[in-house]
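# Structural description and commentary
The chain contents come next:
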Amino acid sequence: MKLKEAFSSSVIRQMSSAGLLMVFIMALTLETVSLIQYTFSRKGIREEAYLRAESQLEATRNRIMDVVNQTESAVRNSVWIAQWCLDVPDSLFRVAQRIVEDNPVVMGSTVAMVPGYLKSRPLYAPYVFRNEGSLEFSSLATESYDYPSKEWFSEALDKDSGYWSEPYVDIGGGNVLMTTFSMPIKDSSGNVAAILTADMSLDWLSEMVGNIKVYPNAFSMMLSRTGRIMVCPVDSFVMSKTVREAAEDLGDTAAFSGLNNAMLAGESGSMPVRYNGITNLVYFAPLERTGWSMSIVIPEDEIFGSIKRIGLIVTILQIIGLGLLILMIRFIFQYLLQFHAMTEKKERMENELSIASGIQMAMIPKIFPPFPERTDLDMSAAIVPAKEVGGDLYDFFIRDEKLFFCVGDVSGKGVPASLVMAVTRSIFRTVSARENSPGSIVSQINDAISNGNESNMFVTFFCGVLNLRNGEMLYCNAGHNAPFMLTDHIEKLPVKPNLPLGVIKGMSFEEQQFRMKDDDAIFLYTDGLTEAENISHELFGEERVERALHSRTDAFGHLHEMQEKVAEFVGEAPQSDDLTMLFIHFLDNGIRHHVEFRNNIEELPALASFVEKIAGEASLDSAKEMNLNLALEEAVTNVMMYAYPKGTQGRLKLEALIESDFIRFVLSDSGAPFDPTAVPEADTTLGVEERKIGGLGIFLVRKIMDSVEYRRSGGMNILTMTIKR
Amino acid sequence: MEMNLIKAADGATVVFDGRLDTVAAQEIAKDLDSILECASGPIVLDCRKLTYVSSSGLRIFLTIRKAAAEKGGSVSVRGISNDIRNVFMMTGFLNLFNIED
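Residues numbered from 1 in each chain as written. Chains lettered and ligands numbered in written order. Predicted model: local features only at pLDDT ≥ 70, side-chain atom pairs only at ≥ 80, totals over all residues.

## Overview of the overall build of chain B
Helix and strand counts for chain B come out as four helices and five strands. Traced from its N-terminal end to its C-terminal end, chain B shows the element sequence β-β-α-α-β-α-β-α-β. A total of 101 residues make up chain B; the buried ones form 45% of that total. Summarising the internal contacts of chain B: among those between residues at least 6 apart in sequence, 72% fall at separations of at least 24. (Helix = DSSP H or I, 4+ residues; strand = E, 2+ residues; numbered from the N terminus. Buried ≥ 20, exposed ≤ 12 C-beta atoms within 10 Å, placed from the backbone. Contact = placed C-beta atoms within 7 Å.)

See the structure below:
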C-alpha cells in the first residue's frame, strides 16, 4: 500500500475518531474499575467504622454497666439487712448509710417506708447522701417532697421488683443528674414494707460518653427509656428534650424518627441519618436493665473522607491523564495530517516534475519503424523504465541525409535524473540542429550541463552521426559503454572512454570514425542491460548481449529478442535500472562498386573499365565520362606514384556509390599522409616558359570533381570525391 | 595507344591514336627525345584520333611545347575533340598551343 493511501485524510480522520473512541472506552473502563474499587473500599471502611463504633459502644456500655451493676448490687445485697431492721425502724438509716459508705458510685440512699406500714409514723424515709466528701443525713418524709408519689417509689412498689428510674435532676437531694435503683423490702409475712434505693449520679456518664471519639467530628448520644436525651453535645437538650423534640428544634423530624424508634425498641445496629445536608452513620446499642440506648453519630464524610480524597485525587489524575492522552492523540493526528499534506504536496510536485520530463520524453521518437519511407535504414529503440522515474534517454533524427543519434544514462534515479535527462535530450536536439560533428555536439552539451551543475549529476552519453549516403559514421563517446558493431562479425566499437557529460566544463571530446558498410548494424545500450540482475544477483553481462546479437534479424526483432532474453534471465527479480537499447541497421541501397589496385600504374587500365561501368550505369555522357576518368586517373595515379615508398608494395581502393543525383567516390590508401586538397592550385594563366610540368593531376581532380574532401583516419588517407550526374 | 612520328625536313607531325593515359604517356616518354629533336621546326600534334588525354599526356604536350619554345619552333594541335578541348581549356593549354581544326 502506498503511503498516500495509508494516510489519506479521510483515513486519518477515521483513525482520529477511533482514537477518541478508544480514549472514551479507556476512560469508561478506568472509571468502572475505580467505582468498583471505591465501592469495595467503602464497604470495607464502612465495616471498619462499624467495628470501631461497636467496640467503642461495647466498651462504654461495659463501663456503664459496671457502675450500674455496682449500684444495683449495693441495693440488692442490702435487702436482707433492711428486712432484718424492719422491726427497729430507727436503725433503718444505718442500712442506707452503709450502702453509701461502702459504694463510692452511690450518691445517696434511702429506705422509704410504705405509707401506713408503721403505725407510729405514717411517712418515714431516712436519707443518707454525700455532700462534698462527707455523709449527711436527712429525711425525705417532708410535706413538700411527697416521696410516695415519686417514680422510684411508686414504680418499684407497683412492679414489686427492682426498678431503675428515669434520669432526673434531683433538686432536693444535690441538684445533680441522677437515676435511682429501687428495690421493695418485704417483711416476714411477705408484705412490702419499704423501698430501698441507691442514687447514682450521671455526671460521669455525660463525660464518659461525651469522650467517645471514634472520628474527630463524631459524637455520642444516650437516650433514656422514654426517649429523653441523657447525653448529647448540645447541652440545652440534655434531660430537657426527647429526640423527637430535639429533631423538631433542628427542623428535621423525619430524619430521626426511624432511629428513635429503633433505639427505643432496644435494638442494636446502624442506620444512616441525614440532616443539615450531612449524611451521618449512627451506630446504636441498648443498655440492659436500665432501658437506655447509646449511639455514636459519625458524619459519613469522616468515615469516607480519606477514600473520597483518594478517589478525588485518582479521578483528577485520571482526568489529567486522559486529557493528556487526548492532546497526544490530537497532536499525533495533526502531525499525521500535516505529514499527509506534505506527502501529498511532495507527490504532486514529483508528479508535475515527472510530467515535465515525460513531456520531453514524449517527443522522443517512439514509432517504429521511424522512417518507413527509407530503404537504407532499419532501426528500433526501446526504453524499459524501472519502477522509479529514471534517467535513460535515446534520441535520433535525420537531417541532410545524416542520422543523428544518441544514447545516454543520467547518474542517479528519480525525478532529478529524469529532469537532467530531459534537459540533455533537449540540448542534443538544439545543438545537433546546426552542428554536424558529434565531437562538437558532445562538447556543447557538456558545457551546457556543466554550467551550474550544482547537484553534480553526470550523464554518460554516446552520440553518432551516420552519413546515410556512404555509411560514414562519426561518433563521440562520453563515458558511455561501447556499442556493439555488427559487421561480418560482432565486436565492440572502439571508443575513447572520455569523461561523462557534466563533469568538467570546456573539455574537448575526441571524435572517432567508422565506416558502416551495407548490412552493418550498431547496437547501443545503457548499463541497465548488462547490469540486469537475476535473483541470485548475477549480471546479464556483455557476453549474453553479444550472444543474443548473433542471430541476425531486423532491428525490431533484435530488440524484441534482447528483451526476451533479459526477461528470461532476470526472472522474478525486480528491475533496478532503466534499460535502453537502440539498434541501427544500415542498408546501403545505392549502387555500389569498388575496385582495388596495387601501387602499380600497370593496373590503371582496370580503372578505365571501372569508370566505363560506372558511367554506363549512371548514364553519363562521353564528355562527363572522360572528365570523370581523367579526374579519377589523376587521383589514383597520384596515390600509386607517391603514397608508398619506391619499391614497396601498397594497396589502394576506390569505391563508387551512385546516388540519384551524384556519384560519390572514396579513394583510400594506407600510405604516407598526403592531403591533395592542401596543394596550391596550378596557375593555368602562365606562359609556356613559366608553366611547371607537374601539379596538373591534382589540379584536374579539383577542377572536375564537384567536391573533394580529404581525411586522415585510422592510418588511412581517405579522399572523398563527388561528381554530379 | 599508338603514336606515329612522321618527320619532315623541317619539323614533324606526331599522330596520336587512342587513349593517351598515364601508362601510354610513360611509353611515349621513352620516345620523346626523337620528337624533341624536331622541335626547332613546326611540329603538328595530330589529335584527330586521340580519344583521351591524362595529365601525363598533357605533360608530354607541355614538354614538347617547352622544347619548341626553346628552339624557336612552334607546336600546333590538330583536330582535338570537344572533350579534349575542354581539358585544354581547364588547364589553360588552349593558350599555349596553336589549335587547328
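## Thoughts on the overall build of chain A
Summing up its helical and strand segments, chain A has 17 helices and 27 strands in all. When each of the 725 residues of chain A is scored for burial, the buried share is 36%. Sequence separation of at least 24 residues holds for 64% of the intrachain contacts in chain A that already meet a minimum separation of 6.

## Here's the deal with the nonpolar core
Membership of the largest hydrophobic core comes to 78 residues, with the highest contact counts inside it found for A:V111, A:A112, A:A125, A:A194, A:I229, A:M230 and A:I298. Per-element accounting of this core gives the leading share, seven residues, to helix α2 (residues 9-76) of chain A. If we ignore the near neighbours within four places in the chain, the residues touching A:A194 are A:A82, A:V111, A:A112, A:M113, A:V114 and A:I185. Counting 69 residues, the second-largest nonpolar core is a separate cluster that includes A:A682, B:C47, B:A68 and B:L96. (Core = buried A, V, L, I, M, F, W, Y, C linked by C-beta atoms within 7 Å.)

## Quick look at the pairing of strand β14 (residues 392-399) of chain A
Residues and elements named next belong to chain A. Both β14 and strand β15 (residues 402-410) contribute to a ladder of eight bridges, which runs antiparallel. Counted as the bridge partner of I398 is L403 from β15. Linking two consecutive strands that pair antiparallel, namely β14 and β15, is a turn of two residues; a positive phi of about 50° is found at D400 within it. (Pairing = 2+ DSSP bridges.)

## Digging into the interface of chain B and chain A
Contacts between the two partners involve 21 residues from chain B, matched on the other side by 22 residues from chain A. Counting residues per element, the side of chain B that touches chain A draws most heavily on helix α3 (residues 55-71) of chain B, at eight residues.

## Overview of helix α1 (residues 22-30) of chain B
Turning to α1(B), its buried residues are B:T22, B:V23, B:A24 and B:A25. Packed against the buried residues of α1(B) are α15 (604-617) and α16 (622-642) of chain A together with β2 (12-20) and α3 of chain B.

## Brief notes about the sheet that holds β14(A)
Residue and element names in this part refer to chain A. Pairing in this open sheet of five strands is antiparallel, and the strands run β14-β15-β16-β17-β20 from one edge to the other. Looking along the sheet, the strands with just one partner apiece sit at the ends: β14 and β20 (511-515). Each strand of the sheet is rotated relative to its neighbour by a mean of 15°, with strand direction disregarded. (Axes fitted to C-alpha atoms, helices over the stretch in contact; angles between N-to-C directions.)

## Quick word on the environment of A:R52
Within the secondary structure layout, A:R52 lies in helix α2. Residues A:R52 and A:Y215, 163 residues apart in the sequence, show an inter-C-alpha distance of 9.7 Å.

## As for the packing of helix α10 (residues 414-432) of chain A against helix α11 (residues 438-450) of chain A
Residues and elements named next belong to chain A. Running from amino to carboxyl end, α10 crosses α11 at an angle of 135°, the nearest separation of the two axes being 9 Å. As summarised for this structure, α10 and α11 are arranged oblique, according to the angle between their axes. The element α10 and its partner α11 pack so that their crossing is right-handed. Residues T424, I427, F428, V431 and S432 of α10 lie in contact with α11, whose contacting residues are I441, Q444, I445, A448 and I449. For the contact of α10 with α11, a count of residues per class yields seven nonpolar, three polar and no charged. (Parallel < 35°, antiparallel > 145°, perpendicular 65-115°, else oblique. Left-handed = near helix turned anticlockwise from the far one by under 90°. Nonpolar A, V, L, I, M, F, W, Y, C, P; charged D, E, K, R; others polar.)

## Section: the environment of A:L86
All names here are of chain A. Tracing the chain through its elements places L86 in the loop between α3 (79-85) and α4 (92-102). Between the C-alpha atoms of L86 and D187, which are 101 residues apart in sequence, the distance is 7.2 Å. Every residue in contact with L86, bar those within four places of it in the chain, is listed here: I185, D187 and A193.

## Regarding the pairing of strand β6 (residues 176-186) of chain A
All names here are of chain A. Summarising the sheet, strand β4 (residues 163-164) and β6 pair through two bridges and their orientation is antiparallel. Looking across to β6, one finds that W164 is bridged to F181. Relative to strand β7 (residues 192-201), β6 runs antiparallel, the two sharing nine bridges. By the bridge assignment, P184 is partnered in β7 with I195. In sequence, β6 turns back onto β7 through a hairpin of five residues, with G190 there showing a positive phi of about 90°.

## Some words on the sheet that holds strand β18 (residues 484-486) of chain A
Residues and elements named next belong to chain A. With antiparallel pairing, five strands are arranged side by side in an open sheet as β13-β22-β21-β18-β19. The open sheet has two edge strands, β13 (377-384) and β19 (490-492), and neither has a second partner. In this sheet, adjacent strand axes meet at a mean angle of 15° when their direction is disregarded. As paired elements, strand β21 (residues 521-525) and strand β22 (residues 579-586) share five bridges and run antiparallel to each other. Bridged to Y525 within β22 is M581. Along the sheet, helix α14 (residues 555-570) contacts β13 and β22; its crossing angle with β13, the most-contacted strand, is approximately 30°.

## Notes on α10(A)
Each α-helix turn comprises 3.6 residues. Residues three or four places apart therefore point the same way. Between its first and last C-alpha, α10(A) extends 27 Å over 19 residues, near the 27 Å set by a 1.5 Å rise per residue. Along α10(A), the residues that are buried comprise A:A417, A:S418, A:L419, A:V420, A:M421, A:A422, A:T424, A:R425, A:F428 and A:S432. (Expected span 1.5 Å × (residues − 1).)

## A few points about the confidence of the model for chain B
In this model, chain B carries an average pLDDT of 89, and 100% of its residues clear a pLDDT of 70 or more. ipTM for the predicted complex: 0.91, alongside a pTM of 0.42. (pLDDT = per-residue confidence, 0-100.)

## Overview of unusual backbone geometry
All names here are of chain A. For the bond running from F368 to P369, omega is 0°, close enough to zero to count as cis. Along the chain, P369 falls in the loop between α9 (300-362) and β13. Non-glycine residue D400 carries a positive phi angle of around 50°. Among the secondary structure elements, D400 is positioned in the loop between β14 and β15. Even without being a glycine, S619 presents a positive backbone phi close to 50°.

## Brief notes about the environment of A:V595
Residues and elements named next belong to chain A. Note that V595 resides in strand β23 (residues 591-598). Using a count of 19 C-beta atoms within 10 Å as the deciding quantity, one classes V595 as partly exposed. When residues no more than four places from it in sequence are discounted, the contact partners of V595 are A606, L607, F610 and L654.

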